[in-house]
2 protein chains.
Amino acid sequence: MSIGIFDSGLGGLTIVRALREKYPKEKMIYYGDTLRVPYGEKKPEELIHLAERITVFLMEQGAQLIVDACNTTSALALDLLREKYGHEVEIIGVVEPGAARAAALAKAQVGLMATQATVNSGAYQRKIFSRRSDLDVHSMACPQLVPFIESGDLSSYPLQEALEAYLEPLLKEQMDVLIMGCTHYPLLRPMIERIVGEGVLLVDPGKEVVNSIVRYPGGDHGASICYTSSDAQDFAKKADLLVPDHGFGTFVTYDLLEER
Amino acid sequence: MSIGIFDSGLGGLTIVRALREKYPKEKMIYYGDTLRVPYGEKKPEELIHLAERITVFLMEQGAQLIVDACNTTSALALDLLREKYGHEVEIIGVVEPGAARAAALAKAQVGLMATQATVNSGAYQRKIFSRRSDLDVHSMACPQLVPFIESGDLSSYPLQEALEAYLEPLLKEQMDVLIMGCTHYPLLRPMIERIVGEGVLLVDPGKEVVNSIVRYPGGDHGASICYTSSDAQDFAKKADLLVPDHGFGTFVTYDLLEER
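Residues numbered from 1 in each chain as written. Chains lettered and ligands numbered in written order. Predicted model: local features only at pLDDT ≥ 70, side-chain atom pairs only at ≥ 80, totals over all residues. Heavy atoms only, no water.

Trainee: Tell me about the overall build of chain A, and please be specific about residues and values.
Mentor: A tally of regular secondary structure across chain A gives 11 helices and 10 strands. Over its C-alpha atoms chain A spans a radius of gyration of 17 Å, differing by no more than 12% from the 18 Å that the globule rule assigns to 260 residues. Across its three principal directions, the C-alpha atoms of chain A cover 50 × 40 × 35 Å. Buried positions account for 62% of the 260 residues belonging to chain A. (Helix = DSSP H or I, 4+ residues; strand = E, 2+ residues; numbered from the N terminus. Rg over C-alpha atoms; globule rule 2.2 N^0.38 Å. Buried < 20%, exposed > 50% of the residue type's maximum accessible area, 1.4 Å probe, protein only.)

Trainee: Which residues make up the pairing of strand β3 (residues 63-68) of chain B, and what are the values?
Mentor: Residue and element names in this part refer to chain B. For β3, the tally of buried residues reaches five of six residues, placing the bulk of the element in the interior. Bridging between strand β1 (residues 2-7) and β3 involves five bridges; their strand directions are parallel. Residue Ile-3 lies in a different strand from β3, and its bridge partner there is Leu-65. Both β3 and strand β4 (residues 90-93) contribute to a ladder of four bridges, which runs parallel. What sits directly across from Val-67, in β4, is Ile-92. In terms of handedness, the path from β3 via helix α3 (residues 71-85) over to β4 forms a crossover that is right-handed. (Pairing = 2+ DSSP bridges. Right-handed = clockwise from strand over helix to strand, strands pointing away.)

Trainee: Talk me through unusual backbone geometry; I want residue IDs and the actual numbers.
Mentor: Residue and element names in this part refer to chain A. Residues Val-37 and Pro-38 are joined by a peptide bond in cis, for which omega reads 0°. If you trace the backbone, Pro-38 turns up in the loop between β2 (28-32) and α2 (44-60). We note that Gln-174 has phi near 60°; this positive angle belongs to a residue other than glycine. With respect to the helices, strands and loops of the structure, Gln-174 is situated in the loop between α8 (157-172) and β7 (177-181). What makes Gln-174 exposed here is its relative accessible area of 63%.

Trainee: Which residues make up the packing of aromatic side chains, and what values go with them?
Mentor: For any pair of aromatic rings, the description consists of the separation of the ring centres together with the inter-plane angle of the planes. Within the structure shown, the criterion is met by 18 aromatic pairs over all chains. Aromatic pair Phe248(A) and Phe251(A): ring centres 6.4 Å apart, planes at 65°, arrangement edge-to-face. In this pair, the class of Phe248(A) matches that of Phe251(A), namely buried. Here the aromatic rings of Tyr227(B) and Tyr254(B) are separated by 6.3 Å at their centres, their planes lie at 65°, and the arrangement is edge-to-face. (Phe/Tyr/Trp six-rings, centres within 6.5 Å; stacked < 30°, edge-to-face > 60°.)

Trainee: Would you mind going over the relation of the copies chain A and chain B in detail, with residue names and values included?
Mentor: By a simple turn and slide, chain A fits onto chain B: the slide is 0.0 Å along the axis, the RMSD is 0.0 Å, and the turn is 180°. Seen this way, the second copy is the image of the first under a two-fold rotation axis. When each C-alpha of chain A is compared by its distance to the rotation axis, Ser121(A) comes out closest, at 2.0 Å. The overlap is high: 100% of the interface residues of chain A also sit at the interface in chain B, so the same surface is used on both sides. (Least-squares fit on C-alpha atoms with pLDDT ≥ 70 in both. Contact = heavy atoms within 4.5 Å.)

Trainee: Can you lay out the domain arrangement of chain A for me, pointing to particular residues and giving the numbers?
Mentor: Residues and elements named next belong to chain A. Domain boundaries assigned for chain A yield domain 1 (2-94 + 209-253) and domain 2 (96-205). Distance from the C-alpha centre of domain 1 to the C-alpha centre of domain 2: 22 Å. At the interface, 30 residues of domain 1 touch 23 residues of domain 2. Counting each side, the surface lost to burial between domain 1 and domain 2 is near 1800 Å², with a carbon and sulfur contribution of 60%. When residues of domain 1 are sorted by the area they lose upon contact with domain 2, Asn-71, Val-94 and Leu-242 head the list and together hold 30% of the total. (Domains from an automatic or database assignment. Buried area = accessible area lost by both parts, 1.4 Å probe.)

Trainee: Just give me the short version of helix α11 (residues 232-242) of chain B, but keep the residues and values in it.
Mentor: All names here are of chain B. Within α11, burial applies to Ala-232, Phe-235, Ala-236, Ala-239 and Leu-242. All buried residues of α11 lie within an arc of 140° about the axis, which places them on one face of the element. Opposite its buried face, α11 presents the exposed residues Gln-233, Lys-237 and Leu-241, each directed more than 90 degrees away. Against the buried residues of α11 lie α1 (13-22), β2 (28-32), α7 (145-150), β9 (225-228) and β10 (251-253). (Arc of directions from axis to C-beta.)

Trainee: Before we move on, could you go through the interface of chain A and chain B and cite the residues and values that matter?
Mentor: Listed per partner, the contact involves 26 residues of chain A and 26 residues of chain B. In total, chain A and chain B occlude about 2200 Å² of area from one another, counting both sides; carbon and sulfur atoms represent 53% of this. When the area that chain A buries against chain B is broken down by residue, the three leading residues are Glu45(A), Arg126(A) and Phe129(A), summing to 28%. Our enumeration of links across chain A and chain B arrives at zero salt bridges. Class assignment of the residues belonging to the side of chain A that touches chain B gives a composition of 10 nonpolar, nine polar and seven charged. (Salt bridge = Lys/Arg side-chain N within 4 Å of Asp/Glu carboxyl O. Nonpolar A, V, L, I, M, F, W, Y, C, P; charged D, E, K, R; others polar.)

Trainee: Lay out the nonpolar core in plain terms, naming residues and giving numbers.
Mentor: Core analysis: the biggest nonpolar cluster contains 55 residues, and Met113(B), Leu178(B), Tyr185(B) and Ile192(B) have the highest contact counts within it. When residues of this core are assigned to their parent elements, the largest contribution, six residues, is made by helix α8 (residues 157-172) of chain B. Among the domains, domain 1 (2-94 + 209-253) and domain 2 (96-205) of chain B are the pair contributing at least three residues each to this core. Beyond its immediate sequence surroundings of up to four residues, Leu178(B) is in contact with Gly111(B), Leu112(B), Met113(B), Leu167(B), Leu170(B), Ile192(B), Val196(B), Val200(B), Leu201(B), Leu202(B) and Val203(B). Among the nonpolar cores identified, the runner-up in size contains 54 residues, and Ile5(A), Val200(A), Val209(A) and Phe235(A) belong to it. (Core = buried A, V, L, I, M, F, W, Y, C linked by side-chain atoms within 4.5 Å.)

Trainee: So what's going on with the sheet that holds strand β8 (residues 201-203) of chain B? Which residues, and what values?
Mentor: Within a sheet, adjacent strands bond to each other through the backbone by hydrogen bonds, running parallel or antiparallel. Residue and element names in this part refer to chain B. As summarised here, the arrangement of the four strands in space is β6-β5-β7-β8, forming an open sheet in which the pairing is parallel. Either end of the sheet is taken by a strand with one partner, and the two such strands are β6 (136-141) and β8. On average, each strand axis in the sheet is inclined to that of its neighbour by 20°, with strand direction left out of account. As defined by bridge partners, strand β5 (residues 109-114) adjoins β6 across six bridges and the pair is classed as parallel. The partner of Gly-111 across the bridge, within β6, is His-138. (Axes fitted to C-alpha atoms, helices over the stretch in contact; angles between N-to-C directions.)

Trainee: Explain the pattern of salt bridges residue by residue, including any values.
Mentor: Inspection of the entire model under this criterion finds 22 salt bridges over all chains. In this structure, Asp33(A) engages Arg36(A) in a salt bridge whose closest nitrogen and oxygen atoms are separated by 3.0 Å. Using a relative accessible area of 1% as the deciding quantity, one classes Asp33(A) as buried. Across the pair Arg101(B) and Glu208(B) runs a salt bridge whose closest N-O atoms are separated by 3.5 Å. Here Arg101(B) is found in helix α4 (residues 95-105), whereas its partner Glu208(B) is found in helix α10 (residues 205-209), with 107 residues between them in sequence. Overall, Arg101(B) belongs to the partly exposed group, its relative accessible area being 37%. Judged by relative accessible area, Glu208(B) falls into the buried class, the value being 18%. Among the charged side chains, a network of salt bridges with common partners joins Asp33(A), Arg36(A) and Asp255(A).

So this is what it looks like as structure tokens:
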């Protein structure tokens, strides 16, 4: 028994950290598809296929709870994954808990920053409108952010400039809540807070996701393992830098899409 | 008792025609949002709002069956519309029956031509993969086609050139089925057939949708009425040209988004 977590890259490690607070000694299996990051510009058909391949891999590794830590695949593939594999494993994603939190907090105007694919899927918008049809949602695709963060950059001037340009239109719409709709963005939280100011409440869907676990009882205390589709040493180095308390001791390079 | 049908423009009139075969004397209420056509480039939050406004309007007009004839809003808003209004009216869309038909016919490679918003929503891809995970789906957004058709052009050389450019990559993928994933596209069927040849089966989701009606018993035989958000005379003229047997006698200009 173990928890499988996947993301396009390193961002999902922040969710691993949150999961460890709830299940301190649990075996965690992480899959970071760093060979194909960023996911946000890919076509839905490719994203759905990737999410399914990774889900099946994590099930084969014994995962009985699977956390789709990636907003993009949560938006596009979660319904399908649950339909096909939900009878065998509990599968949770970040969009629904994030949207629920935003709908609970918002006064009138919700800002959504996310990848292009997440924005275009309409998943956040549907989940918010189904709870609160009085709200307006203003979405902004932020394609430049993930590459900055995956390169280890959380503070450069070009990054800040890009972030300001993305957030300005949302500030003009007088958003009172901002969803950080990509698992990478909370790593920029201090910079985002500086730009939007105190009047805007930030929603981190990754923080909400742990509360949405329903069935998983917890179990074996095996050794956690972290897979990446690109270079494992490089992944480990960046993981130490971005999420120092990730808790993984073993990093393995494994590309799911290679012929087995 | 009556059937409400809506679309971004004129394309949905082909579905009215099909509905009349099943319910010959039924009162039909059509809403064509020609003021805002094309829908395919709009943001999900706007599309979901528009679809909800139109649905509520049709319910107010007494519709007890609502057909979302627009692929784009079927892809983005149908789940939400059913969740919110499904207990009061039967609501059906074109994506699910279209995807089901494609999954039933396809050998290996499915081509999907649709608006940008429909492609990006991932709705067709999910519905196909949930039925057949052995299939590949190749999607192509065709943003230039709707404006041609709404202007009444079904045969010009620039239109044919655009269509060939859109279909070529799908032919390269050796699609054996092609979904005409926008209610406008079946009006180009002869041209599409010429380009793809006999080896490719065409799926017209609008033809499948009538078979997906479950609850509606049929009823009153009142006078049908056609609303458009732009000029009613112009709409009537184009309707006569594109779908001569549309069957509407009354055309009314009514913009839902104007303050009532």
